[in-house]
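Residues per chain, in single letters:
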Amino acid sequence: MKASTLLFVCPGVSSEGWVRAIRSRLPELEVRVWPEVGHTADVDYAFVWKHPAGLLRSFPNLKGILSLGAGVESILRDPELPPKVPVVRMVDPGLAVGMNEFVLMRVLHYHRRMPEHERFQKEHRWVPLTPPLPEQRPVGIMGLGELGARCATTLAGLGFDTAGWTRRPKTVPGVKNFHGPEGLKPFLRRTEILVCLLPLTSETADILNRSTLSELPRGAFLINVGRGAHLVDADLLEALERGQLAGATLDVFREEPLPLDHSFWDHPAICVVPHVAAITQIETAADTLVENLRRHLSGRGFLHVADRRLGY
Ligand code: NDP
Ligand code: OXD
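Structural notes, computed from the coordinates. (Residues numbered from 1 in each chain as written. Chains lettered and ligands numbered in written order. Predicted model: local features only at pLDDT ≥ 70, side-chain atom pairs only at ≥ 80, totals over all residues. Heavy atoms only, no water.)

**Points about the sheet that holds strand 10 (residues 220-224)**
Then step 1. What the seven strands build is an open sheet, ordered 8-7-6-9-10-11-12; its pairing is parallel. Strand pairing shows two members of the sheet lacking a second neighbour, strand 8 (176-179) and strand 12 (270-272), which therefore form its edges. Each strand of the sheet is rotated relative to its neighbour by a mean of 15 degrees, with strand direction disregarded.
Then step 2. The sheet contact formed by strand 11 (residues 245-250) and strand 12 spans three bridges and is parallel. Looking across to strand 12, one finds that leucine 250 is bridged to valine 272. (Pairing = 2+ DSSP bridges. Helix = DSSP H or I, 4+ residues; strand = E, 2+ residues; numbered from the N terminus. Axes fitted to C-alpha atoms, helices over the stretch in contact; angles between N-to-C directions.)

This is how it looks when you write it as structure tokens:
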């Protein structure tokens, strides 16, 4: 019987560690690295990240498209995506740990008034500031999925007045829930530190815009770790200009790398980070990937299949 074949299609990502990790966990699986495809009919599974559009329809026996990243919008927007093949999201414990650390770091930075302390240091001024208690600090997370729920739980555990906004009602212990379009305004109106951990879909594109940012209490902070296209860049600059927002941390951008002449680079109230909030970790993610492949090889369905209609 022919061995099943996985094709690694992640341009820009080093394949060596992944291939080693997959082979050591599932030696019966043949692993090929694009563009060394061999017979296209041999390919059963594709493991992808930012794949060339149109490529995936070249494999007539493809049974699963497994994403290296949590966000699957770049797969789903391929106009030539094979229509019936399941697209599987990456749910990696290592990714969740990284996102949890990053969001906590930046929430604490704003909560503890570090931007003001950094400014006072530059001015050689000794100005002791008292931060509010965590329970007096409303933090809001857009998206309480695999990543957002973990961050919300951590923040709630530290005593922050934590809320999350979701599509459907969702219970996360200790976290207030707002949902649907009607829940958005009340969620924003209470949120002093806003974290975006939404997937990029037709409903969430441009969601951080003049109108939504204006609902936040004056002087709020934004942490965007979802996708660059959630944010209307000019609206953020304008909100900072008029003091509606006091600062922003941006890990994701409409164009990556962020163009050298983009005004975000030198803005004193913007922290630019090069899409590193959370990185898929080979050691943990290879376990997840292989478990999912084993499930499928033994006739069970994949876990974490994206809903193409919803876009996540
Ligand atoms: P999930 O699919 O597990 O969770 C998505 C969450 O967003 C769910 O709570 C969902 O609501 C909510 N949501 C989706 N659409 C809407 C909507 N229209 N209105 C309100 N809520 C909505 O995703 P993950 O937590 O795994 O990942 C989230 C995103 O984080 C990824 O798609 C990616 O863009 C980004 N990411 C960024 C990284 C980085 O390094 N910067 C790394 C990894 C991911 P419901 O619960 O009702 O379904
Ligand atoms: C992801 C990412 O989606 O790295 O995993 O952004």
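There is more to say after this.
**Remarks on the site of ligand 1**
Then step 1. Contacts to ligand 1 come from 29 residues, most closely from Glu146, Leu147, Arg168, Asp251 and Tyr312.
Then step 2. The side chain of glutamate 203 places a nitrogen or oxygen atom 3.0 Å from a nitrogen atom of ligand 1.
Then step 3. When the free accessible area of ligand 1 is taken as 940 Å², the share hidden by the protein chains comes to 95%.
Then step 4. In the shell around ligand 1, the residues fall into 13 nonpolar, eight polar and eight charged. (Near = heavy atom within 4 Å. Polar contact = N/O pair within 3.5 Å; in protein donor to acceptor, adjacent residues only side chain to side chain. Areas by Shrake-Rupley, 256 points an atom, 1.4 Å probe, with all protein chains shown as cover. Nonpolar A, V, L, I, M, F, W, Y, C, P; charged D, E, K, R; others polar.)

**Regarding unusual backbone geometry**
Then step 1. For the peptide bond that leads from tryptophan 34 to proline 35, omega is 15 degrees, which places it in the cis range.
Then step 2. Take proline 35: it is sitting in the loop between strand 2 (30-33) and strand 3 (43-48).
Then step 3. Cis rather than trans, the peptide bond between glutamate 256 and proline 257 has omega equal to -5 degrees.
Then step 4. Locating proline 257 in the fold gives a position in the loop between strand 11 and strand 12.
Then step 5. Its identity is not glycine, yet lysine 50 carries a phi of approximately 50 degrees, on the positive side.
Then step 6. Relative to the elements of secondary structure, lysine 50 occurs in the loop between strand 3 and strand 4 (64-67).
Then step 7. Backbone geometry places histidine 304, a non-glycine residue, at a positive phi of 65 degrees.

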